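These are the residues of each chain, in order.
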Amino acid sequence: MGLRQFVIDAWSWLNYKPVMADAGRPGNRAFPELAATWLPPHELRRLAAYKVLAAYDNNQAGQLAAASGDEAALERRELGDAANLVDTALGYLLGSEQKITAEDAEHADEESPKPGATEAAAAQERLRKWAEKELLTLRIQQAERAAVLLGDSVFVLAWNQEKQRPTLRVYDPGFFFPEWEDEDQDFPSRVHLAWELPEDEDAGLKARVRRVTYELGPISEDGESAGRQYPWEPGRPSNVTCFLTDAEWLLEDLKRGETLDRLPMDKASFRVRPDGTELNRLDLMIDFVPVIHITNTIPDGGEHWGRSAIARVLQGLDELAATDSDSSAASATTGTPIIGLAGARLPVDRATGKPEQLKVEAGAVWQLGDSGRMDALDTSPQLAELRSRVEHLLDRIASNSRVTAAGLGTLDASEVPSGYALKLALGPLDALVGAMRLAREHKYRLLFKMVQRLFQAGRADGWVAGESISARLSWAPHTPTDRAAVLEEVVQAYGAGVLSLETAVAMLMDAGYPIKDASQEVARIRAKAEQEAAARMAEAAARRGEPEDEEEQEGERDPEAGRGGAVEEREREPVSVGR
C-alpha cells in the first residue's frame, strides 16, 4: 500500500478533498470530462479546483463528496453560506460604483492646465462613452464574481468593424490556457481559449473541441521586412504582430498525446468570419495579445494564478454544513419528541393483529393504566449546543476569510461600543479589499490601454496616433462613510488654507457626494464665489453711495463734493458699526 502523495502548489488547500488526492489525475471519478485526452496534464489540478469551488457555490459540495464515495454526504444540508461569502466579498470589492479616470484629466478646465491635461480629459470622455456602450459595469460584475469565487477570470478584446469599437467579452478561466516561453515574462506570448462542444444529433454534429489561439510572432519570417509602425508608437518600426487562429477538431480524430498545444493542424476545420476571411493565422495588426487575466489575489512568486476568497475556509464550510445537518435532526426530535409509554392500551390493527404505532400529534389521547406513565426524550439542550456551535463556526469563517463578522452583518450592533471600535473591527476587511484592488490595478490599466490601441488600429474617429493615455478604474469606498464628519473636516481644512479646492472636492467625491466631475465642480464653485464677491462689492458700493456713471465721477472730483461725501461717510459710520 503506497503512501498518499504530498503536494504543495497553488491548490494545496484542496488536498484534503478525496477528488484532489491523486495529484496526477485529480477528480477522475467525480469529473469525467477532465479525462479528455486533449487537456494538458499540468492543468488538471487547476481545472479540478475550479470544479470543486463551483460545487460549493451551487450548494453541491455534498453531491461532490458522494461522487467520491461518501454516500452519507447526500444528506448534508447546505444553506448558501459559501455563495453568501463570495457575494459579500464581491460587494465590498466593487463598492457602489466604478469609474474610468485618466491621469491629469481633472486639471483640463483650469486657467493654465498641465501639459497633456486637455488630451487626457478628451480620452477619458471617449473611454467612458465606450464603457457605456459596451456595458462595462456588467462585464466587470461577471468577471469579478468568477475571480472572487475561482481565483481567476479572463477578459478578451476584439475590434468590431461594424460597430467601430472594441468589444469586451468575459470567459470562464477554465477555458484559459496560457503558454509562457520564459517564466520571467510578464505576459504570455501565446494564449489558447479552448472548450468542448457536445454532440448534436439533430444537427448532425459530432463532439468536437474548439480552440481560439492568440500568438505573437514576426510579421516577416525571413526578417527582411522593415517592419510596421503602429499608431501608438510612431517612429518606432516593429516586426511583431498578433495572429488569430480559430479552429475545431473532432474528438474522434484526436489520439493520445495530442494535447491542446499539439493538435494536428491537418485535421483542423477553421472558422470563417462573416466577410469570408478564414481565421487561420489572421494578422490582427496589433503587437499585443488582447487577453487580460484577472487574479483575485497577488500571485505568489513563480505562480500566475489567484486564490479564491473561500479557499482557506472550505473545511469550516464543511463543518458548518455538518452542524446544520445535525441541528436539523435534533430540532425534529425536539419539536416532535420521542415518547415512551408504560401501561398503555394500544389500538390493534385488525388486519395484522399487531398494535398500531402511535403518533405524537395535537389532540391525541392515550389511555393509561393505573401504573402507567409517559416519558418524553428532551433533546433541547443538544439543539441549543448545536446552534451555539453554528454561531462559533460562522465567527471563525468570518475571521479567517478576513471578511469579518461586521462585514458579514452577523455582528450585534449592541456589542459595538463606538464607531472607532467598529472601524477597528473592519480593519481586516479593509486590508482584504485593499489587497484585492491592488491585484487588479495594473490589469485594468492594461485593459484601457488595449482599448485605446484598438481604437487607433481601427482608425476610429477622434483617436489620433500617439502614446496611450494612462487611465485606471476608480472604485467607490467599500464601507459606509460618515459624510457629515468628512464635510466638517473638509470645510475646516479648506478654510484654514491647508487643503486646495481640488483636494477638498476629491475628498467629498470619495465620501460619496453626488459629484460627477471634479474639474467641473471646482469651476462651478469658483464661478459662484466670483459672482458672490462681485455682488458684495456692488452692495458695498451702493451703501457708500459711490457714483457709477462718468458725470457723477466728475462731480465727485469737486473738493466740496468730496468733503461732503467724507462728512456723510463719517456720519454713517457709527450707525454701521452699531449694527
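See above for the structure.
Residues numbered from 1 in each chain as written. Predicted model: local features only at pLDDT ≥ 70, side-chain atom pairs only at ≥ 80, totals over all residues. Heavy atoms only, no water.

Draft legend 1. How the structure looks around helix α10 (residues 427-457). Between its terminal C-alpha atoms α10 stretches 45 Å, which fits the 45 Å expected from 31 residues at 1.5 Å a residue. The largest bend in α10 amounts to roughly 35° and is located at E441. (Helix = DSSP H or I, 4+ residues; strand = E, 2+ residues; numbered from the N terminus. Expected span 1.5 Å × (residues − 1). Bend = angle between axes of the 7 residues up to and from the residue.)

Draft legend 2. Expanded view of the packing of helix α3 (residues 81-94) against helix α5 (residues 136-150). Running from N to C, α3 and α5 cross one another at 125°; their axes reach a closest spacing of 9 Å. Overall, the two elements α3 and α5 adopt an arrangement that is oblique. Of the two possible hands of crossing, α3 and α5 adopt the one that is right-handed. In this structure, α3 uses A83, V86, D87, A89, L90, L93 and L94 to contact α5, whose residues at the interface are I140, Q141, E144, R145, V148 and L149. In terms of residue class, the contact of α3 with α5 is built from nine nonpolar, one polar and three charged. (Axes fitted to C-alpha atoms, helices over the stretch in contact; angles between N-to-C directions. Parallel < 35°, antiparallel > 145°, perpendicular 65-115°, else oblique. Left-handed = near helix turned anticlockwise from the far one by under 90°. Contact = heavy atoms within 4.5 Å. Nonpolar A, V, L, I, M, F, W, Y, C, P; charged D, E, K, R; others polar.)

Draft legend 3. Representation of unusual backbone geometry. Even without glycine at this site, M285 takes up a positive phi of about 65°. Here T404, not a glycine, exhibits a phi torsion of approximately 70°, which is positive. If you trace the backbone, T404 turns up in the loop between α7 (380-401) and α8 (405-408). In this structure T404 comes out as buried when scored by relative accessible area, which is 8%. (Buried < 20%, exposed > 50% of the residue type's maximum accessible area, 1.4 Å probe, protein only.)

Draft legend 4. Layout of helix α4 (residues 117-133). Spanning 17 residues, α4 covers 25 Å between terminal C-alpha atoms, matching the ideal 24 Å at 1.5 Å per step. L135 sits one or two residues past α4 and shows a positive phi near 55°.

Draft legend 5. Layout of the environment of R145. Inspection of the secondary structure puts R145 in helix α5. Taking the C-alpha atoms as reference points, R145 and G91, 54 residues apart in sequence, are found 9.3 Å from one another. Those residues in contact with R145 that lie beyond four places of it in its chain are D57, A83, V86, D87 and L90. Side chain to side chain, R145 and D57 meet in a polar contact 3.0 Å long. (Polar contact = N/O pair within 3.5 Å; in protein donor to acceptor, adjacent residues only side chain to side chain.)

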